[in-house]
Amino acid sequence: RTQSTDMAANNASAAHSRGWYSHHHSVKSARTTTTRTTTCSSCSLSSSSSATQTTGVRRRRGEIIIVPNAIIQRKAGSNYSETSVQFWKYQGLGNDFILVDNRESDVPKISPERAALLCDRNFGIGADGVILAMPSPDPAKFDYKMTIYNSDGSEPEMCGNGIRCLARFVADLDKDQRGKKYNVSTLAGLIVPEVREDGQVAVDMGTPILNASNVPSTLKDCERSHEMTVDGEKWLANAVGMGNPHCVVYKKANGEMISDVYGLDLPKIGPIFEKHETFPAKTNTEFVQVVDRGRVKMRVWERGAGCTLACGTGACATVVAGVIEGHVDRKCVVELPGGPLEIEWREIDDKIIMTGPAEPTFEGTTALGV
């Protein structure tokens, strides 16, 4: 069941230990067609333990999740689909995605359940999400449609790093010239990415949503920060919509600014923010440390994905909230754990332009199913 090429085979053990991807897949190398088999003893669970347990434990970027034992058995490699799916792996500042070209059919090749399985970093390929390039719902308006599933199988409205990876993916597949813009249909509406000559992808993210009920949030308004109590501690938070909900935190309720964003216990407080009653559809949460008016450090807890290395819509929301609160300028660099994003909230038309990298890592086929 396991085939890999020279580089993938040599690095399989190290990649598995770091949680990059599981090698129950055929991974293609551009340098050779020679194949050999690799195995990993940690990719199986004993039947004796599964017979006595009804639930198991795994982690989602620091958050402990209880899952049914039947799913653990399935993820141990006991279930394979009759049809293989070709995939490509891309990352934007470490926010990584499995990309699938689905433009020839309106029927998705990957279900939400299968997406969650493929995203598992121990029993699947490993990713923060699965993105499908789907046919355009209206060829006169859109070039194609973006469908995305989080690592837990939920479907978000949009993903900033994901849209950059999707644009680069389609440009690479179609061998389009650099500088081409794409009109992409998403659940958040029209998004327009452009793959530039230097490989960076600039995305017109549209205008931010600053009506609390449309974020959605029960906070009084989006024009200022409001107090939220999380795990007994009071914070000041701004609600910002980028087609998906965001809760942006620069300081505590006593006025104390976040001085060390990496000192926060994100796996502890992130899930509480995500599921806070103030955000009925759950929320992405950004914690921000101001360096100066043109630069901030940010860590994110993503709805449905947990602690990730980067979040494009979160970086946009960070700058919007920072401008509202008077902390930063409209053009600002947001430093994420995976690297920097350039964000500009243009005053002339209220639109937000996000610029950052999107890079391929590997491609392959997988028969792993649900």
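Residues numbered from 1 in each chain as written. Predicted model: local features only at pLDDT ≥ 70, side-chain atom pairs only at ≥ 80, totals over all residues. Heavy atoms only, no water.

As for the overall build of the chain
Of regular secondary structure, the chain possesses eight helices and 20 strands. Burial statistics for the chain: of 370 residues in total, 54% are counted as buried. Within the chain, contacts between residues separated by at least 24 positions form 62% of all contacts whose residues are at least 6 apart in sequence. Element-wise, carbon and sulfur atoms account for 47% of the exposed surface of the chain, whose accessible area totals about 16200 Å². (Helix = DSSP H or I, 4+ residues; strand = E, 2+ residues; numbered from the N terminus. Buried < 20%, exposed > 50% of the residue type's maximum accessible area, 1.4 Å probe, protein only. Contact = heavy atoms within 4.5 Å. Areas by Shrake-Rupley, 256 points an atom, 1.4 Å probe, with all protein chains shown as cover.)

Re the packing of aromatic side chains
This model, assessed by the stated rule, comprises seven aromatic pairs. For the pair Phe87 and Phe362, a centre-to-centre distance of 6.0 Å together with 85° between the ring planes defines the contact as edge-to-face. Note that Phe87 is positioned in strand β4 (residues 80–92) and Phe362 in strand β20 (residues 359–368), a separation of 275 residues in sequence. Of the two residues, Phe87 and Phe362, neither departs from the other in class, the shared state being buried. Ring centres of Tyr90 and Phe169 lie 5.8 Å apart, and the angle between their planes is 75°; this geometry places the pair in the edge-to-face category. Of the two residues, Tyr90 sits in strand β4 while Phe169 sits in helix α6 (residues 160–174), which places them 79 residues apart along the sequence. Take Tyr90 and Phe169: they sit in the same class, and that class is buried. (Phe/Tyr/Trp six-rings, centres within 6.5 Å; stacked < 30°, edge-to-face > 60°.)

Quick look at the pairing of strand β14 (residues 284–292)
Each regular strand carries side chains that alternate between the two faces of the sheet. Pairing between strand β13 (residues 245–252) and β14: four bridges, direction parallel. Among the inter-strand pairings, Val248 is bridged to a residue of β14, identified as Glu286. Regarding the hand of the β-α-β motif, the stretch spanning β13, helix α7 (residues 266–274) and β14 is right-handed. Here β14 pairs with strand β15 (residues 295–302) via seven bridges, running antiparallel. Across the sheet, the residue bridging to Val290 is Val296, located in β15. Between β14 and β15, which follow one another and run antiparallel, lie two residues. (Pairing = 2+ DSSP bridges. Right-handed = clockwise from strand over helix to strand, strands pointing away.)

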